[in-house]
Amino acid sequence: MFTEFYYYLKNFGVPVSFNEWQDLMEALDQGMAGSSLTGFYYLCRALLVKTEAHYDRFDLAFASYFQDIEAVEGLPEKIWEWLNREVPPLEVTEAMRRNHQQLDIEEMKRMLAERLAEQTEQHHGGNRWVGTGGTSPFGHSGYHPGGIRIGGDTRSLYAVKVAGMRRFQEFRTDETLGVRQFQLALRKLRQFTTRLDGAREELDLEGTIDQTCQNAGRLELKWARPRVNSMKVMLLMDAGGSMWPYTRLCNQLFTAVHKSSHFKDLKVFYFHNCIYDWLYNDPSCSQRDYTDTEYILRTCDSNYRVIIVGDASMGYAELMRPGGIIDWDLDNDRAGIEWLRRLRQHFEYSVWLNPIPARYWDRMEGAFTIGAIRTVFPMEELTVEGLERSIRKLKSRSRAGEESKLVY
Amino acid sequence: MATKMAQYKGSAQYIVSDELRNSVNIAIALGKPLLIKGEPGTGKTMLAQSIAEALDKQLIIWNIKSTTKAQEGLYVYDTVQRLYDSQFQDHDVSNIKQYIKHGKLGEAFRSHDQVVLLIDEIDKADLEFPNDLLWELDQMSYYIPETKETITARTRPIVIITSNAEKELPDAFLRRCIFHYIAFPEPDEMERIIRVHHPNLDKRLLEQAMETFYMLRNLNNIQKKPSTSELIDWLQALVVGGISPSKIKQDMPFLGVLLKKNEDLDLLLNGLQAKTQNRSKPRSSMWGR
Ligand SMILES: Nc1ncnc2c1ncn2[C@@H]1O[C@H](COP(=O)(O)OP(=O)(O)O)[C@@H](O)[C@H]1O
Ligand SMILES: [Mg+2]
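Fair warning: this is a prediction, and the values are worked out from it, not measured in the lab. In this convention, every chain numbers its residues from 1, walking through the sequence in written order. Each chain gets a letter, beginning with A, and each ligand a number, beginning with 1, in the order they are written. Per-residue local features of the predicted model are confined to residues with pLDDT of at least 70, and side-chain atom pairs are confined, for both listing and counting, to 80 or more; whole-chain, interface and lining totals are unaffected and use all residues. Each side-chain value is worked out from all heavy atoms of the structure, with water and hydrogens disregarded.

## Structural notes on the overall build of chain A
- Per the convention used, a helix needs a DSSP run of H or I reaching at least four residues, while a strand needs a run of E reaching at least two, with both numbered from the N terminus. Helix and strand content of chain A: 16 helices and 9 strands.
- Contacts were defined at the residue level, with two residues in contact if any of their heavy atoms lie within 4.5 Å. Of the contacts formed within chain A by residues at least 6 apart in sequence, a portion of 72% connects residues at least 24 apart.
- Carbon and sulfur atoms provide 48% of the accessible area of chain A, an area that totals close to 19700 Å². Accessible surface is estimated by sampling points in the Shrake-Rupley manner with a 1.4 Å probe; for residues, cover comes only from the protein chains shown.

## Quick word on the overall build of chain B
- Scanning chain B from terminus to terminus reveals 14 helices and 9 strands.
- Considering only residue pairs separated by 6 or more positions, chain B has 73% of its internal contacts joining residues 24 or more positions apart.
- Total accessible area computed for chain B in this model is approximately 14900 Å², and 48% of it derives from carbon and sulfur atoms.

## Remarks on empty space enclosed by the protein
- In the cavity and pocket records, a cavity denotes points on a 1 Å grid over the protein atoms alone where a 1.4 Å probe fits but cannot get out, a pocket denotes an open set with protein on both sides within 12 Å along at least 5 of 7 lines, and lining residues are residues with an atom within 4 Å of a point. Grid points are joined across faces, edges and corners, and a volume is the space filled by probe spheres set on the points. Summed over all chains, the structure comprises 3 cavities of 30 Å³ or more.
- Quantified by volume, the second largest cavity comes out at close to 40 Å³.
- In this structure, the second largest cavity is lined by Lys50 of chain A together with Lys37, Ser163, Lys167, Glu168, Leu169, Leu174 and Phe179 of chain B.

## Let's talk about the site of ligand 1
Residue and element names in this part refer to chain B.
- Only heavy atoms are used to decide nearness, and a residue is near a molecule or strand if one of them lies within 4 Å of it. Lining the immediate environment of ligand 1, one finds 16 residues, of which Ile15, Gly41, Lys44, Thr45 and His197 sit closest.
- Take isoleucine 15: an N or O atom from its main chain is 2.8 Å from a nitrogen atom of ligand 1.
- Pairs of N or O atoms are called polar contacts if they sit within 3.5 Å, as long as, within protein, a hydrogen donor faces a hydrogen acceptor (for residues adjacent in sequence, only side-chain-to-side-chain pairs). Threonine 42 places a main-chain nitrogen or oxygen 3.2 Å from an oxygen atom of ligand 1.
- Listing elements by their share of the shell around ligand 1, those giving two or more residues are α2 (44-54), α9 (187-197) and α11 (228-240).
- Class assignment for the residues of the shell around ligand 1 results in 6 nonpolar, 8 polar and 2 charged.
- For each domain, the first and last residues come from an automatic or database assignment. Both of domain 1 (18-182) and domain 2 (187-277) provide at least three residues apiece to the shell around ligand 1. Residues are grouped as follows: Ala, Val, Leu, Ile, Met, Phe, Trp, Tyr, Cys and Pro are nonpolar; Asp, Glu, Lys and Arg are charged; all remaining types, including Gly, are polar.

## Topic: a negative patch on the surface
All names here are of chain B.
- Patch construction takes residues with relative accessible area above 30% that form no salt bridge. Like charges are linked within 9 Å, and nonpolar side chains (Val, Leu, Ile, Met, Phe, Trp, Tyr) are linked within 5 Å. Every case where a carboxyl oxygen of Asp or Glu lies within 4 Å of a side-chain nitrogen of Lys or Arg is listed as a salt bridge. Residues counted as positive are Lys and Arg, residues counted as negative are Asp and Glu, and His and the chain ends are not counted. A charged residue contributes its charge at one atom only: NZ of Lys, CZ of Arg, CG of Asp or CD of Glu. A cluster of acidic residues, Glu186, Asp188, Glu191 and Glu207, forms a negative patch on the protein surface.
- In this fold, glutamate 207 is placed in helix α10 (residues 203-218).
- The classification of residues rests on relative accessible area computed with a 1.4 Å probe and restricted to protein chains. Under 20% of the type maximum is buried, over 50% is exposed, and intermediate values are partly exposed. Accessibility expressed as a relative area gives 38% for glutamate 207, which makes it partly exposed.

## A short note on the pairing of strand β5 (residues 116-120) of chain B
All names here are of chain B.
- In terms of burial, β5 is largely enclosed, as 5 of its 5 residues are buried.
- Both faces of β5 are covered, namely the face carrying Val116, Leu118 and Asp120 and the face carrying Leu117 and Ile119.
- Both strand β2 (residues 59-63) and β5 contribute to a ladder of 5 bridges, which runs parallel. Residue leucine 59 lies in a different strand from β5, and its bridge partner there is valine 116.
- Both β5 and strand β8 (residues 158-163) contribute to a ladder of 4 bridges, which runs parallel. The residue of β8 that forms the bridge with isoleucine 119 is isoleucine 161. Strands qualify as paired when DSSP identifies two bridges or more between them.

## Considerations on the layout of surface pockets
- The computed volume of the second largest pocket comes to approximately 810 Å³.
- Lining the second largest pocket are 31 residues; nearest its centre among them are Glu168, Leu169, Pro170, Asp171 and Leu174 of chain B.
- Going through the elements one at a time, α9 (179-187) and α16 (384-395) of chain A together with α8 (171-175) of chain B are the ones with two or more residues in the lining of the second largest pocket.
- A per-class count over the lining of the second largest pocket returns 13 nonpolar, 6 polar and 12 charged.

## Structural notes on the sheet that holds β2 of chain B
All names here are of chain B.
- The 5 strands are arranged β2-β5-β8-β1-β9 in an open sheet whose pairing can be described as parallel. The sheet is open, and its two borders are formed by β2 and β9 (178-181), each paired with just one other strand. Looking at each pair of strands side by side, their axes are set apart by 20° on average, direction ignored.
- Bridge analysis of strand β1 (residues 34-37) against β9 gives 4 bridges, and the strand direction is parallel. Each axis is a line fitted through C-alpha atoms, taken for helices only over the stretch in contact, and angles between the N-to-C directions span 0 to 180 degrees.

## Some points on the pattern of salt bridges
- Applying the stated criterion across every chain, the model contains 20 salt bridges over all chains.
- Arginine 45 of chain A is paired through a salt bridge with glutamate 19 of chain B; the nearest N and O atoms lie 3.0 Å apart. In this pair, arginine 45 of chain A sits in helix α3 (residues 37-48) while glutamate 19 of chain B sits in helix α1 (residues 18-30), so the two residues belong to two different chains. For the pair arginine 45 of chain A and glutamate 19 of chain B, one class covers both residues: buried.
- Lysine 224 of chain B serves as the salt-bridge partner of glutamate 230 of chain B, at 3.7 Å between the closest nitrogen and oxygen.
- For glutamate 230 of chain B, a relative accessible area of 9% puts it in the buried group.
- Lysine 224 of chain B gets classed as partly exposed once you look at its relative accessible area, which sits at 28%.
- Linked by salt bridges that have partners in common, Glu380, Arg389 and Lys393 of chain A make up one network.

## Observations regarding the packing of aromatic side chains
- Working definition: a ring pair exists when centres of Phe, Tyr or Trp rings (six-membered ring for Trp) sit within 6.5 Å. Plane angles under 30 degrees give stacked, over 60 give edge-to-face, the rest tilted. Taken as a whole, this structure holds 22 aromatic pairs over all chains when the rule is applied.
- Look at phenylalanine 5 of chain A and phenylalanine 62 of chain A: their rings are 6.0 Å apart centre to centre, the planes differ by 85°, and that puts the pair in the edge-to-face class. One end of the pair, phenylalanine 5 of chain A, is in helix α1 (residues 3-11); the other, phenylalanine 62 of chain A, is in helix α4 (residues 55-67), and 57 residues separate them in sequence.
- For phenylalanine 5 of chain A, a relative accessible area of 0% translates into the label buried.
- Note on tyrosine 75 of chain B and tyrosine 142 of chain B: the rings are 6.2 Å apart at their centroids and 10° apart in plane angle, and the pair reads as stacked. Taken together, the residues tyrosine 75 of chain B in strand β3 (residues 75-77) and tyrosine 142 of chain B in strand β6 (residues 141-144) connect sequence positions 67 residues apart.

## Points about a nonpolar patch on the surface
- On the surface, Leu203, Leu205, Ile209, Leu219, Leu221 and Trp223 of chain A cluster together into a nonpolar patch covering about 620 Å² of accessible area.
- Along the chain, leucine 203 of chain A falls in strand β1 (residues 202-203).

## A look at the side chain of threonine 147 of chain B
Residue and element names in this part refer to chain B.
- With respect to the secondary-structure elements, threonine 147 resides in the loop between β6 and β7 (149-152).
- Classification of threonine 147 by relative accessible area gives buried; the value is 19%.
- Here glutamate 149 takes part through its side chain, which lies 3.1 Å from a polar atom of the side chain of threonine 147.
- If sequence neighbours within four positions are ignored, threonine 147 has contacts with Ile96, Lys97 and Ile100.

## Side note on the pairing of β6 of chain B
Residues and elements named next belong to chain B.
- Alignment of β6 against β7, held across 4 bridges, turns out to be antiparallel. The residue bridging tyrosine 143 from the neighbouring strand is threonine 150, located in β7.
- The hairpin turn running from β6 into β7, its antiparallel successor, is 4 residues long, and lysine 148 in that turn takes a positive phi close to 55°.

## Some words on unusual backbone geometry
- One non-glycine residue, methionine 140 of chain B, lies in the positive phi region at around 50°.
- Residue classification places methionine 140 of chain B among the buried positions, given a relative accessible area of 2%.

## Regarding the confidence of the model for chain B
Residue and element names in this part refer to chain B.
- In the predicted model, chain B carries a mean pLDDT of 86, and the fraction of residues at 70 or more is 91%.
- The predictor reports its confidence for every residue as pLDDT, a score running from 0 up to 100. Long-range and interchain partners of residues 278-289, a stretch whose pLDDT sits below 50, account for 21 contacts in this model, where long-range means more than four residues apart.
- Here the complex is predicted with pTM 0.61, and the ipTM for its interfaces comes to 0.79.

Pasting the structure below:
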């Protein structure tokens, strides 16, 4: 049944509501898919997918659903029905007629079934439909010889092929982002001092003017509730060399945090690979311009939401040993990890954002230190979705290290 | 029935992909707003113009700004004017109708013939803005309590809404729209777009310029990628400046037309320099265990 496709979409993470599904059914019943699977693909996508970030998931669901259909006969009856409606008028040229004269319908069907089978095999070989050009007796798109409709048209394969090409992979929000999207996520980080039912004690100028005019000049004062955000934020950013590849990403986050004017206070400090007794005031990490970590712990209350941004990848000693600091002219008498634990203990609302995609965390050079830091701070990828998850964590006290099984 | 509806097939000045044309026709047939998203300069605004032109309908444009309120699109009750009039007593202020000024949406609903209504850059407005329009766009009607009137669309306008993706739009709003993302044109489609604007362009010049253009777009750390309209302007500059095609890739003249941000210009220049010098390696490759 075609309803299965609904569950495919859900499974692949396309949030489809029942209403939209109903709309699609209606549109299909009206024959709006035209007569090709390609039209069907676009119709489904236009109605069911509401952001380019989900185009890729849709493609995956579509390709996977139709890939499971072995041969053309396997297409659900319902789809045939939809597609067979309203065949566009045939415009048959002499050349087309000559091309197709020798094939009868049965023959066409058989060949198509073969093509479909081939296609599936090729996919199993790992080559996702890409570059499967080639010639075919079905290749004269739009022409339906002998009354064979969608099935006799290569475009039917084309839709699946298009889906399989995954042209929209780069739009996934878990992979791309922008300042605005970060900002939007940060907007959720608010905490209003007044309850919604607090006293109305602020003059609502616009409302007053409006109401007074409505009264044709008789003054009527309008009052509103003041809304003040009490959220205080501290951003600690790794400015070390291994962060270079992520400069743009970090800049975007940085800009977004700065543009978010709704915080009551914002403090930004920098560190070099790991945090020790100094936090720098400037990304150049100049040894003349710093604040004592101890001082920050003493003066900033634990209501600060602390966002640490860093790749958490460093040498073993840098994190675990006193004196392990990377700067050759500095020394630390407490290991980096101890400082991190102290920060975490004081700032209970804190997260670590890592620009390295999570799928590499256990596999790359810094895997050990990433794992160790994850036992201290909850860690998320630095992506829009990761930031959104972090913000949820920043709203309540969350435990670190649930995800990490590392023992050391 | 779908086939009886006006079908959009594109227009002479506007190059439309099959995908986009499909979405436009789906939206028209279902009578739902079409939400168009895409990078700036991908022809979102122009699409509405093209639809109006191709279907020979009036185009009503509602440009959204950060301060635009949904109500303004329906109507404003000009109470201030009424107040003035009441002071001078030379108007009949009891006739409230004369103080109701219809907005763009109102204009579209009240039009005799079907119009194309463009709500341009909806993402500029406040987050709540789209939600405030849900009912009106659904029902294509609104009520004016001051005059106890209901305005209902005589023919459902074709509604095109554009967004530069500066903000996410609310789900409830999205559910009511047909959505289409205009992907950045591939070189062959771009060439067709260029030809609309510069029909007599030298083939080599176009080739070289396009290569440079896509190279710049593919640079990793670029902040503001050059868009279609910037390419069109750049080509104009190259033609007017009498630049020889062979010089384009090498000299990249009038680069400021393509890269609007100083950081991007710097990045490119530094990048070119770095190719010729041997940079020291970043620290990450120096870790030892
Ligand atoms: N598909 C297209 N066909 C013709 N011209 C286009 C196309 N896309 C973009 N352009 C050119 O780019 C310019 C910018 O397009 P516009 O519609 O203003 O973009 P947007 O609204 O997406 O920012 C147009 O004026 C036009 O010159
Ligand atoms: Mg525009």
